[in-house]
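Chain by chain, the residues run as shown.
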Amino acid sequence: MALDDTLPLNSLGFAKSPADTRVVVAMSGGVDSSVVAAMLAEEGYDVVGVTLQLYDHGAALAKKGACCAGQDIHDARRVAEAMGFPHYVLDYENMFREAVIDEFADAYLAGATPVPCIRCNERVKFKDLLATAKDLDADCMATGHYIQRKMGANGPELHSAADPNRDQSYFLFSTTPEQLEYLRFPLGHLASKAETRALAAKYGLSVADKPDSQDICFVPNGNYASVIEKLRPGAADPGQIVDMDGNVLGEHRGVIHYTIGQRRGLGIGGLADPLYVVKLDPERRHVVVGPKEALATRKVPVREINWLGDGAFESQAERQVLVRIRSTRPPRPAVIRPLSATEAEVELMDPEEGVSPGQACVFYEDGTSRILGGGWIWRGAA
């Protein structure tokens, strides 16, 4: 149905009635996306629930009955049945393996610290699922992410969630302006997760008390190394722990068991000062250790930049912003110096410890909640 300029905008921003507005809701089976679907259904929207089967834990971990997707799909379907809207399951396992899991394994083996949840949003949910939503003639796609979409002078902008403890901006920086036109995030304005659970209880949802998932979906027990060993046999070959001058200090049980900044579990005690992992050299099978100050990084090379700010990214020689280089750390003052439309050098005003290739570097506008985009940290930072 065409937009009617005489009608006020509905809650999703369309000048037509909710009943004439079709919205595809990406349903993971968890409480957040279930509440989004129930909320929109109650408001009278033409809701279509879609759940992606991305990964079979049983196949990966060689355990019978370990397929998490089964329970999550069941939970999403129950919500759809209770609220009276259609629900579809799409098998994206092959696509997910190629676009997310294989890169995760290869990046980890190359000594990087990958963030597969970002790649999943970028390459699967906000690409292929979004295309499916358009094929279903949906006006928009809604998700349960804690982030806000606000209309600015130049179109929709991406903003941090109202609840800083739930904010997922670090994982959504690669959302493009075109995707942002189509996406909706109905939970981003809520003050706390307690409000979400209260809504779930209000709608009588079976998932109201379902615990939040803590791990990467295809690493259900948090043991990255065991998954990578299955994906890449031989990845856990032992090697040497060396200092920054190349002196051998001990043996390790495989580069994949270590991360930049790690201090515990190195097995090289008895030294006067504590040592930290400062670099991983998978080609030589070396874990390089050094003093804590060797972890301090000021200049960070960033590429594959997705720019969400106003004007062309490279239109300014430098920009004063805040950046976040780990999801668990607050944004810090920095200067971005563009090298091209998709590459830049980021200089941190105060050096950060444990900056690792493979992590995201997300840009924030100082003094506001707006996300300006971000990119991927690569090679050795200085």
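Residues numbered from 1 in each chain as written. Predicted model: local features only at pLDDT ≥ 70, side-chain atom pairs only at ≥ 80, totals over all residues. Heavy atoms only, no water.

**Digging into the overall build of the protein**
In step 1: Within the protein one finds eight helices and 17 strands.
In step 2: In terms of overall size, the protein behaves like a compact globule, its C-alpha atoms giving a radius of gyration of 22 Å where 382 residues would be expected to give roughly 21 Å.
In step 3: With respect to the three principal axes, the spread of C-alpha positions in the protein is 75 × 55 × 35 Å.
In step 4: Considering only contacts in the protein between residues 6 or more positions apart, those separated by 24 or more positions represent 63%.
In step 5: Summed over its atoms, the accessible surface of the protein is roughly 17700 Å², and 48% of this surface lies on carbon and sulfur atoms.
In step 6: Looking at charge distribution, the protein has the averaged site of its 40 positive side-chain charges lying 4 Å from that of its 52 negative ones. (Helix = DSSP H or I, 4+ residues; strand = E, 2+ residues; numbered from the N terminus. Rg over C-alpha atoms; globule rule 2.2 N^0.38 Å. Contact = heavy atoms within 4.5 Å. Areas by Shrake-Rupley, 256 points an atom, 1.4 Å probe, with all protein chains shown as cover. Lys, Arg positive; Asp, Glu negative; His and termini not counted. Charge placed at Lys NZ, Arg CZ, Asp CG, Glu CD.)

**Some points on the nonpolar core**
In step 1: Core analysis: the biggest nonpolar cluster contains 51 residues, and Leu54, Phe96, Val124, Met141 and Phe218 have the highest contact counts within it.
In step 2: Elements represented by at least two residues in this core include exactly β1 (22-26), β2 (46-53), α4 (93-109), α5 (116-135), α6 (177-182), α8 (224-231), β16 (360-364) and β17 (371-377).
In step 3: Once residues lying within four places of it in the same chain are set aside, the contact partners of Leu54 are Tyr92, Glu93, Phe96, Cys120 and Val124.
In step 4: Judged by nonpolar contacts, the second largest core, of 30 residues, contains Val31, Ala80, Cys140 and Tyr146. (Core = buried A, V, L, I, M, F, W, Y, C linked by side-chain atoms within 4.5 Å. Buried < 20%, exposed > 50% of the residue type's maximum accessible area, 1.4 Å probe, protein only.)

**Quick word on the confidence of the model for the protein**
In step 1: Counting all residues, the mean pLDDT for the protein is 89, and 93% of those residues have values of 70 or more.
In step 2: Contacts for the low-pLDDT stretch residues 57-68, under 50 throughout, to residues beyond four places or in other chains number 17 contacts. (pLDDT = per-residue confidence, 0-100.)

**Regarding the environment of Pro291**
In step 1: When you line up the elements, Pro291 lands in the loop between β11 (286-290) and β12 (296-307).
In step 2: In this structure the C-alpha to C-alpha distance between Pro291 and Val278, which are 13 residues apart in sequence, comes to 8.3 Å.
In step 3: Once residues lying within four places of it in the same chain are set aside, the contact partners of Pro291 are Met244, Pro274, Leu275, Tyr276 and Val278.

**A word on the pattern of salt bridges**
In step 1: This model, assessed by the stated rule, comprises 27 salt bridges.
In step 2: Across the salt bridge formed by Arg22 and Asp46, the nearest N and O atoms sit 2.9 Å from each other. Placement of Arg22 in strand β1 and of Asp46 in strand β2 is noted, with a sequence separation of 24 residues between them.
In step 3: For Glu318, the salt bridge is made with Arg337, and the minimal N-O distance between the two is 3.2 Å. Linking Glu318 in the loop between β12 and β13 (319-324) with Arg337 in strand β14 (residues 332-338), this pair joins segments that are 19 residues apart in sequence.
In step 4: The partly exposed category is assigned to Glu318, whose relative accessible area is 40%.
In step 5: Among the residues examined, Arg337 registers a relative accessible area of 26% and is labelled partly exposed.
In step 6: Beyond isolated ion pairs, a larger network of salt bridges with shared partners links Asp32, Arg166, Lys193, Arg197 and Asp212. (Salt bridge = Lys/Arg side-chain N within 4 Å of Asp/Glu carboxyl O.)

**Some thoughts on the sheet that holds strand β4 (residues 140-142)**
In step 1: Read from one edge to the other, the open sheet built from five strands follows the order β3-β2-β1-β4-β7, with strand pairing classed as parallel. Of all the strands in the sheet, the pair left with one neighbour each is β3 (87-91) and β7 (183-184).
In step 2: As defined by bridge partners, β4 adjoins β7 across two bridges and the pair is classed as parallel. When the bridges of β7 are listed, Met141 appears paired with Leu183.
In step 3: The sheet strands contacting helix α1 (residues 31-42) are β1, β2 and β4, and the helix crosses β1 at an angle near 165°.
In step 4: Contacts between α5 and the sheet are confined to β1, β2, β3, β4 and β7, with β4 contributing the most and set at about 135° to the helix. (Pairing = 2+ DSSP bridges. Axes fitted to C-alpha atoms, helices over the stretch in contact; angles between N-to-C directions.)

**Overview of unusual backbone geometry**
In step 1: You will see that Asp137, though not glycine, has its phi angle at about 60°, which is positive.
In step 2: Within the secondary structure, Asp137 sits in the loop between α5 and β4.
In step 3: With a relative accessible area of 61%, Asp137 lands in the exposed category.
In step 4: Look at Arg285: it is not a glycine, yet its phi comes out positive at around 60°.
In step 5: Along the chain, Arg285 falls in the loop between β10 (276-281) and β11.
In step 6: On the basis of relative accessible area, Arg285 is assigned to the partly exposed category, the value being 40%.

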